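Below are the chains, spelled out letter by letter.
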Amino acid sequence: MENNQPSFYEEVRGKGISRKEFLKFCTAMAAMLGLETSGIGQIVKALETKPRLPVIWFHFQECTCCSESFIRASHPLVASIILDKISLDYQETLMAASGVQAEEAYKTVMAKYPGQYIVMVEGSIPTENEAYCCIGGRSAYQILNEAVANAKAVVAWGNCASAGCVQAASPNPTGAKPVHKVISGKPVINVQGCPPIADVMAGVVVHLLTFDRIPQLDGMGRPKSFYSRRVHDTCYRRANFDAGLFVESFDDEGAKRGYCLFKMGCKGPVTYNSCGIIKWNDGISYPIQSGHPCIGCAEAGFWDNGPFYQHLPGVKGFGIETTADKIGVGLGVTAAVGMAGHAIMTNVRKHREITNTPEPASETQTNKE
Amino acid sequence: MRSRTIPMREVFVWELPVRLYHWINALCILSLCITGYLIGAPLAIVNGTEAYYNYWFGTVRFIHFVSAFLFFFNFLFRIYWGFSGNEFSRWYNFIPYKRSQWREMLNVIKVDVLQITHKPIDSIGHNALASFIYFITFLIFLVQCLTGFGMYAAMSKAFLPKLFAWVVPLFGGDMHVRQVHHILMWSFIIFALLHVYLVFYHDYIERRGVTSSMIGGWKFVEEDVVERHNLDFKEKGDN
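Owing to the predicted nature of the structure, the values given are computational and were not obtained by experimental measurement.

With respect to the overall build of chain B
Then, number 1: Along chain B, the regular secondary structure elements total 9 helices and 2 strands.
Then, number 2: What you see in chain B, going N to C, is helices and strands ordered as β-α-α-α-α-α-α-α-α-β-α.
Then, number 3: Along the first, second and third principal axes, the C-alpha set of chain B runs to 70 × 45 × 35 Å.
Then, number 4: Counting the 239 residues in chain B, one finds 23% classified as buried.
Then, number 5: Contacts in chain B between residues at least 24 apart in sequence constitute 65% of all its contacts with a sequence separation of at least 6.

Right, dumping it as structure tokens:
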């Protein structure tokens, strides 16, 4: 990548950020990525020397909450890593250019840096009818596939791009699909969450920049450094769970004491994210800390696994409030009634076997067949 | 005094490993269903205290996990025994791949379920319908082990649970895995109800000592049934 662009370090120094601030940022990033101490040096070096990363950032079927999350990152360097360092060549929400110039911006990147640029995507892609999401007269599907063809890697921001989110929820009228289902042949990093945590987004970018390769991913394509542990397993209320202390309703004594929200439908036990560790808004809080159960926004299909305030999801075809337990009890009662009926029938119809009375001649014959 | 005189033979049906498997399995299922249900719908038995003083829910989960490991290895052992045990415990009893098995299943439905005919069923071990249902329960055991260890994998560093890390991505997330694991728990409960009822039923009607056979291993079987069975078994050869 031949480039006369200033490095990230030069850029942030130019903006009046001290070297000490810069190093603090690098250290924080290394810690979040789970790197050993030597990793800090690698990040420092990468940010000091490497030229900017060419990035095309698409918005398809989404609400821009991923961008919102990112630009609201508390640490100024977190925001600038995206806004300055990778200096988005194309980002519909934030760029000044529009119309033809905007289109040109990303086409220039594709022509100038084949195999080097990163495609970042917010939003799902409609497949039922591609026309549901069109930009500049072309469908999201076309735009994405064209851009991905020569990309180095693809970053899917948020639940929409990673799993379809609300657009893909039943009945999914637009046939919305996540990025990894509509492209092939390129690594896709699913940065899950609705939205993902800003620091996690920055961490992924820093990783790409520092090591020049995609981070280690889990079975669902999410970076292991941020998504290998359940919200439940890192929850500060976990002690209450193990102790069997549960909130029974939102205004009870348990809620005031900060007991576990498991029975309020908390999806922490089935959700992999870093909310419990990194938290939100400069580490101020996260949903559970604010007294609200986790809704599992970093998991595929979380809209269809509702209700949010119920431990078990509703069973499809039985109504949203019907859980497996209700069906199970119903089947159990049915079985009990069936058995009682069968027992009565046995006493009537198997009377001979029970009392050992010899069978009439005609029946004996049929039995010898 | 009422009595009957019919020629009966004692037949050794369930070997000790099969009986041990059965009772370990029964205890595991009992423990897993109780603790499993509690994990899904915990009782509010403590309240108004600090977490520091209690650990009952952690203990419930611990019992669930220990029972699960025991259940899993017991299940593996039973599969092994299906290839090395006696003719009544062998794998081929459970998979209905022969016409005669399907025919017997139909007969069992007619005789014991609908009770429209009364021809006694000749089988000495499990009848064909029972065997087939056990085969389905084995498949459910398998899915239950997969989903259970799949959920366990994320919080374990141990070798065995780690082998199941692929399960969660296959199902598309922990939520689906938990739902399947929970629904299948009910199949165990319903199975146990019917199983116990049917043991009572068969002992009541046939008086072959089916209940105690799972304790001592021996069944009383009518002489002609045994003769016929031996004949069939010789004809079939040692396939």
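Focus on the sheet that holds strand E1 (residues 55–59) of chain A
Working definition: the strands of a sheet are paired by backbone hydrogen bonds and lie parallel or antiparallel to each other.
Residues and elements named next belong to chain A.
Then, number 1: Here 5 strands make up an open sheet; going across it, the order is E2-E1-E3-E7-E9 and the pairing parallel. The open sheet is flanked by strand E2 (90–91) and strand E9 (188–191), the only strands paired with a single partner.
Then, number 2: Bridge analysis of E1 against E2 gives 2 bridges, and the strand direction is parallel. Within the sheet, the bridge partner assigned to Ile 56 lies in E2 and is Tyr 90.

Topic: helix H10 (residues 198–211) of chain A
All names here are of chain A.
Then, number 1: With 14 residues, H10 ought to run about 20 Å at 1.5 Å a step, and its terminal C-alpha atoms sit 20 Å apart, in line with that.
Then, number 2: Of all 14 residues in H10, 13 are buried, a share of seventy percent or more.
Then, number 3: Asp 212 sits one or two residues past H10 and shows a positive phi near 60 degrees.

Quick look at the packing of helix H14 (residues 324–349) of chain A against helix H7 (residues 174–206) of chain B
When two helices pack together, their arrangement is given by the angle between the helix axes and by the axis-to-axis distance.
Then, number 1: Between H14(A) and H7(B), the least distance of the axes is 10 Å, while the angle of their chain directions is 10 degrees. Relative to H7(B), the element H14(A) lies roughly parallel. Seen from H14(A), the contacting residues are Ala324(A), Gly328(A), Leu331(A), Gly332(A), Ala335(A), Ala336(A), Met339(A) and Thr346(A); seen from H7(B), they are Gln179(B), His182(B), Ile183(B), Trp186(B), Ile189(B), Ile190(B), Leu193(B), Leu194(B), Tyr197(B), Tyr201(B) and Ile205(B).

So, the interface of chain A and chain B
Then, number 1: Between chain A and chain B, the residue contacts involve 42 residues of the former and 40 residues of the latter.
Then, number 2: Of all elements in the fold, only helix H12 (238–243), helix H13 (253–257), H14 and helix H15 (351–355) of chain A reach the threshold of two or more residues within the side of chain A that touches chain B.
Then, number 3: Top element by residues in the side of chain A that touches chain B is H14(A). It accounts for 11 residues.
Then, number 4: Taken together, the residues of the side of chain A that touches chain B sort by class into 18 nonpolar, 13 polar and 11 charged.

Regarding the environment of Ala169(A)
Residue and element names in this part refer to chain A.
Then, number 1: The topology assignment puts Ala 169 in the loop between helix H8 (158–163) and strand E8 (176–177).
Then, number 2: For the pair Ala 169 and Trp 303, spaced 134 residues apart in sequence, the C-alpha to C-alpha distance is 6.0 Å.
Then, number 3: With near-sequence residues (within four places) excluded, Ala 169 lies in contact with Trp 303 and Asp 304.

Brief notes about the pairing of E1(A)
All names here are of chain A.
Then, number 1: Most of E1 sits out of view: 5 of its 5 residues are buried.
Then, number 2: Neither face of E1 is left uncovered, since the one carrying Val 55, Trp 57 and His 59 and the one carrying Ile 56 and Phe 58 both have all their residues buried.
Then, number 3: As defined by bridge partners, E1 adjoins strand E3 (residues 118–122) across 5 bridges and the pair is classed as parallel. Counted as the bridge partner of Phe 58 is Val 121 from E3.

Considering the nonpolar core
All names here are of chain A.
Then, number 1: In terms of nonpolar packing, the biggest core is built from 95 residues, with Met 29, Ile 56, Val 119, Val 121, Leu 144, Val 154 and Ala 156 touching the most fellow members.
Then, number 2: Tallying contributions element by element places H10 first for this core, with 9 residues.
Then, number 3: When residues are assigned to domains, this core turns out to be shared by domain 1 (8–226) and domain 2 (232–305), each giving three or more.
Then, number 4: Sequence-distant contacts of Met 29, defined by excluding residues within four places in its chain, comprise Ile 43, Ala 202, Gly 203 and Val 206.

Side note on the pairing of E9(A)
Residues and elements named next belong to chain A.
Then, number 1: Alternating residues of E9 divide into Val 188 and Asn 190 and Ile 189 and Val 191, and every residue in both groups is buried.
Then, number 2: Sheet topology note: the strand E7 (residues 153–157)/E9 ladder contains 4 bridges and is parallel. Each residue of the ladder has a partner; that of Trp 157, found in E9, is Val 191.

Some words on the domain arrangement of chain A
Residue and element names in this part refer to chain A.
Then, number 1: Segmentation of chain A into domains returns domain 1 (8–226), domain 2 (232–305) and domain 3 (324–367).
Then, number 2: For domain 1 and domain 2, the distance between their C-alpha centroids amounts to 28 Å.
Then, number 3: Among the elements of the structure, H8 and H10 are those that each provide at least two residues to the side of domain 1 that touches domain 2.
Then, number 4: Grouping the constituent residues of the side of domain 1 that touches domain 2 by class yields 9 nonpolar, 5 polar and 2 charged.

Rules behind the numbers
- Residues numbered from 1 in each chain as written.
- Chains lettered and ligands numbered in written order.
- Predicted model: local features only at pLDDT ≥ 70, side-chain atom pairs only at ≥ 80, totals over all residues.
- Helix = DSSP H or I, 4+ residues; strand = E, 2+ residues; numbered from the N terminus.
- Buried ≥ 20, exposed ≤ 12 C-beta atoms within 10 Å, placed from the backbone.
- Contact = placed C-beta atoms within 7 Å.
- Pairing = 2+ DSSP bridges.
- Expected span 1.5 Å × (residues − 1).
- Axes fitted to C-alpha atoms, helices over the stretch in contact; angles between N-to-C directions.
- Parallel < 35°, antiparallel > 145°, perpendicular 65-115°, else oblique.
- Nonpolar A, V, L, I, M, F, W, Y, C, P; charged D, E, K, R; others polar.
- Core = buried A, V, L, I, M, F, W, Y, C linked by C-beta atoms within 7 Å.
- Domains from an automatic or database assignment.

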